[in-house]
Amino acid sequence: MLKIKKTFLKDSSYGSFDEYMASSKNLKALDNVQRSLSDIPTKYKNDLGWISIDKWASNQRLDELEKFAHEVQNKADVLVVVGVGGSNQGARAVIEAFRKQGLACDIVYAGINLSADYYNNLLKELADKEVYINVIAKNFETLEPGLGFRILKPFLEKKYGDQYQKHIIMTGTLGSPLEKLSKDQGYPFLIFPTDIGGRYSVFSDVGLFPLAVAGFNIKKLVNGARKMCKQLSTEENNDNLAYQYAAFRNYFLTQGYKLEVLGHFEPQLDLFGRWWTQLFAESEGKENKGLYPVALSYSEDLHSVGQYVQQGQKDLVETFIVIDTANSSLKVAPSEVKDGFDYLNGKDVWDINKVSEDSTMQAHYEVGVPVFEIHLDELSLETFGELFYFFEFSVYISGLILEVNPFNQPGVEAYKKLMFKGLGK
Ligand code: PA5
């Protein structure tokens, strides 16, 4: 269950913030987003496949994915997810959050960089294992997954001979060259919806298949998203949680703030921070607009970027993801060694972390950082589902308030032109 708490600069901020939230221009953005759920044609109708969860994550599709995932799970030691950006971040955030609880099939990543060293080590790691790969690419034009495929295909051919095709699962759009290639070569094919961009794709085959192979209950994740979808589609005006968050970000942007930190005190959320960074950077960072998104992992980052947040330029807002119920308990035993830490005797590590979290928010707030708290009662697959959907819905509203297209990323083309020229494409 997701809840929100706002701690702003000073009481006077609330007045002008309330006015900002009540402005008809901003409320229209919320209205437009909610109307998108009723199939009312909107400007972005070709990018909204994610907004009604059941379109690409119906119970029937989840059953089909689970069935296929079990087949792979039963045979594979490891699934290599080959994809970059939105093609892997959603699944990766969940897998890395819960990896330590054990995966039904190990998952490793390729197609995320262009490092020879990374690939050489990966090939060594895969040498003695039963390997399947899932190449995920909307159009299969991106260099990183293309290179990943070029490196892993000969590896699989050498390992499995004329049976190698069964070890390559492709996820691409229907009608794309990737689908044709898969048909020609006999690779199993999953669907990357044409009406969903990478960073919004976690609740489709893109994110759900690798998660199912890893052994996660994808129904729980999707149920969390469904719950959040229902809530955000019915909550009106200032009661709407996503609207509150979108308005918070944009209000402070209009007040001259430049950055948004997403902070959390659970390392389980580290990869979620990466997903969030991509979602907001690619959706809003265009036309010289938008808050620069920075994800921090506290308490570790209190010993690095925390210094800047406290005493650097006063141009950042901070959003915290707070987990309210202990997911783990560990008491600090008294010690006969005089180490100076007796004040920890008998305390639970969970509570120590909470004191650090509360103190950090207070200290940042006191020097003028506007703080926005997103509370989850626990960290589970269901609340992960809520969180993904909450931020997707929020960035859509936020993009409309900002008057940018939250579904394109034209800026990533500039370096590609130079790079492809350099590579002779
Ligand atoms: O969110 C997006 O659309 C992008 O970040 C893409 O996911 C990323 O660029 C990878 O694209 P593709 O799936 O076409 O390889």
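Criteria and thresholds
Residues numbered from 1 in each chain as written. Predicted model: local features only at pLDDT ≥ 70, side-chain atom pairs only at ≥ 80, totals over all residues. Heavy atoms only, no water. Near = heavy atom within 4 Å. Polar contact = N/O pair within 3.5 Å; in protein donor to acceptor, adjacent residues only side chain to side chain. Areas by Shrake-Rupley, 256 points an atom, 1.4 Å probe, with all protein chains shown as cover. Nonpolar A, V, L, I, M, F, W, Y, C, P; charged D, E, K, R; others polar. Domains from an automatic or database assignment. Contact = heavy atoms within 4.5 Å. Buried area = accessible area lost by both parts, 1.4 Å probe. Salt bridge = Lys/Arg side-chain N within 4 Å of Asp/Glu carboxyl O. Phe/Tyr/Trp six-rings, centres within 6.5 Å; stacked < 30°, edge-to-face > 60°. Helix = DSSP H or I, 4+ residues; strand = E, 2+ residues; numbered from the N terminus. Buried < 20%, exposed > 50% of the residue type's maximum accessible area, 1.4 Å probe, protein only. Lys NZ or Arg CZ within 6 Å of the ring centre and 35° of its normal. Pairing = 2+ DSSP bridges. Axes fitted to C-alpha atoms, helices over the stretch in contact; angles between N-to-C directions. Core = buried A, V, L, I, M, F, W, Y, C linked by side-chain atoms within 4.5 Å. Arc of directions from axis to C-beta. Parallel < 35°, antiparallel > 145°, perpendicular 65-115°, else oblique. Left-handed = near helix turned anticlockwise from the far one by under 90°.

A.B. asks: Sorry if this is basic, but what is going on with the site of the ligand here?
C.D. replies: Taken together, 14 residues surround the ligand, and among them S87, K138, T142, Q278 and E282 come closest. R199 places a main-chain nitrogen or oxygen 2.9 Å from an oxygen atom of the ligand. A distance of 2.8 Å is found between an oxygen atom of the ligand and a side-chain nitrogen or oxygen belonging to E282. About the coverage of the ligand: the protein hides 86% of its 390 Å² of free accessible area. By residue class, the composition of the shell around the ligand is three nonpolar, eight polar and three charged.

A.B. asks: Which parts of the structure should I look at to understand the domain arrangement of the protein?
C.D. replies: Accessible area lost upon the coming together of the parts is a frequently used measure of interface size. Partitioning the protein into structural domains gives domain 1 (2–40 + 221–402) and domain 2 (53–216). Placing a centre on the C-alpha atoms of domain 1 and another on those of domain 2 gives a separation of 30 Å. Listed per partner, the contact involves 24 residues of domain 1 and 24 residues of domain 2. Both faces considered, domain 1 and domain 2 share a buried interface measuring about 2100 Å² in area, 66% of it formed by carbon and sulfur atoms. Among the salt bridges present, the one from R226 reaches D54, with a minimum N-O distance of 2.9 Å. Applying the counting rule to domain 1 against domain 2 returns eight residue pairs in polar contact (both at pLDDT 80 or more).

A.B. asks: Explain the packing of aromatic side chains to me, please; I cannot follow it from the model alone.
C.D. replies: How two aromatic rings sit relative to each other is set out by the distance from centre to centre and by the angle between their planes. Tallying each qualifying case throughout the model produces 38 aromatic pairs. On the basis of an interplanar angle of 80 degrees and a centroid distance of 4.7 Å, the ring pair of W275 and F388 is categorised as edge-to-face. Highlighted residues: W275 in helix α11 (residues 270–284) and F388 in helix α14 (residues 381–402), separated in sequence by 113 residues. The pair formed by W275 and F388 is uniform in burial state, with each residue classed as buried. Ring centres of Y389 and F393 lie 5.8 Å apart, and the angle between their planes is 35 degrees; on these two criteria the pair is classed as tilted. Of this pair, Y389 and F393 both sit in helix α14, separated by four residues, roughly a single helical turn. Just as Y389 is buried, F393 falls in that class too. In this structure, R92 packs its charged tip against the face of Y109, placed 5.0 Å from the ring centre. Over the ring of F420 we find K425, and its NZ or CZ is 4.2 Å from the ring centre.

A.B. asks: Is there a simple way to think about the environment of A246 in this case?
C.D. replies: Here A246 is to be found in helix α10 (residues 241–254). For the pair formed by A246 and T171, sequence separation is 75 residues and the distance between their alpha carbons is 32 Å. The residues contacting A246, other than those within four sequence positions of it, are S394, I397, S398 and I401.

A.B. asks: I would appreciate a short explanation of the sheet that holds strand β6 (residues 189–191) in the present structure.
C.D. replies: Two pairing modes exist for strands in a sheet, parallel and antiparallel, and in both the strands are linked by backbone hydrogen bonds. If you walk across this open sheet you meet the five strands as β3-β2-β4-β5-β6, and the pairing is parallel. Both outer strands of the open sheet, β3 (106–110) and β6, are each paired with one neighbouring strand and no more. Geometrically, the sheet is characterised by an average inter-axis angle of 20 degrees between neighbouring strands, direction not taken into account. Bridge analysis of strand β2 (residues 78–82) against β3 gives five bridges, and the strand direction is parallel. Looking at the pairing, V80 lines up with V108 of β3. Where helix α3 (residues 59–75) meets the sheet, it contacts β4 (131–136), β5 (168–172) and β6, and its direction lies at approximately 145 degrees from that of β6.

A.B. asks: Please clarify how the pattern of salt bridges should be interpreted in this entry.
C.D. replies: Scanning the model with the defined rule gives 22 salt bridges in all. Between E282 and R199 there is a salt bridge whose closest N-O contact spans 3.1 Å. You can see E282 sitting in helix α11 and its partner R199 sitting in the loop between β6 and α8 (205–213), a full 83 residues away along the chain. Assessed through its relative accessible area of 23%, E282 is described here as partly exposed. Classification of R199 by relative accessible area gives buried; the value is 4%. Shared partners join several salt bridges into a network, and the residues in it are R61, E64 and D205.

A.B. asks: What's the story with the environment of S328 in this structure? I'm lost.
C.D. replies: Here S328 shows up in the loop between β9 (316–323) and α13 (349–366). Between the C-alpha atom of S328 and that of D348, which follows or precedes it by 20 residues, the distance is 9.4 Å.

A.B. asks: Explain the nonpolar core to me, please; I cannot follow it from the model alone.
C.D. replies: Generally speaking, a soluble globular protein has its nonpolar side chains buried in company with each other. Of all hydrophobic cores here, the largest spans 99 residues; its most connected members are F272, F384, F388, Y389, F390, F391 and I397. The greatest single-element share of this core, amounting to 13 residues, is contributed by α14. Shared between two domains, this core takes at least three residues from each, and those domains are domain 1 (2–40 + 221–402) and domain 2 (53–216). If we ignore the near neighbours within four places in the chain, the residues touching F272 are A93, I321, F384, L387, F388 and F391.

A.B. asks: When you look at helix α5 (residues 116–126) in this model, what are you seeing that I'm missing?
C.D. replies: Count 3.6 residues to each turn of an α-helix, and residues three or four apart come out pointing the same way. For α5, every residue scored as buried is listed here: Y119, L122 and L126. All buried residues of α5 lie within an arc of 60 degrees about the axis, which places them on one face of the element. In α5, those exposed residues whose orientation departs by more than 90 degrees from the buried face are A116, D117 and K124. Buried positions along α5 lie against β2, β3, β4 and α6 (143–160).

A.B. asks: For this particular structure, what's the right way to read the packing of helix α9 (residues 218–234) against α14?
C.D. replies: How two helices sit against one another is set out by the angle between their axes and by the gap between those axes. Remark: α9 packs on α14, axes separated minimally by 6 Å, with the N-to-C direction vectors making an angle of 45 degrees. The angle between α9 and α14 falls in the class oblique. The crossing of α9 and α14 is right-handed. Along the contact surface, α9 presents K220, L221, G224, A225, K227, M228, C229 and L232, while α14 presents L381, E382, F384, G385, E386, F388, Y389, F390 and F393. Classifying every residue of the contact of α9 with α14 gives 11 nonpolar, two polar and four charged.

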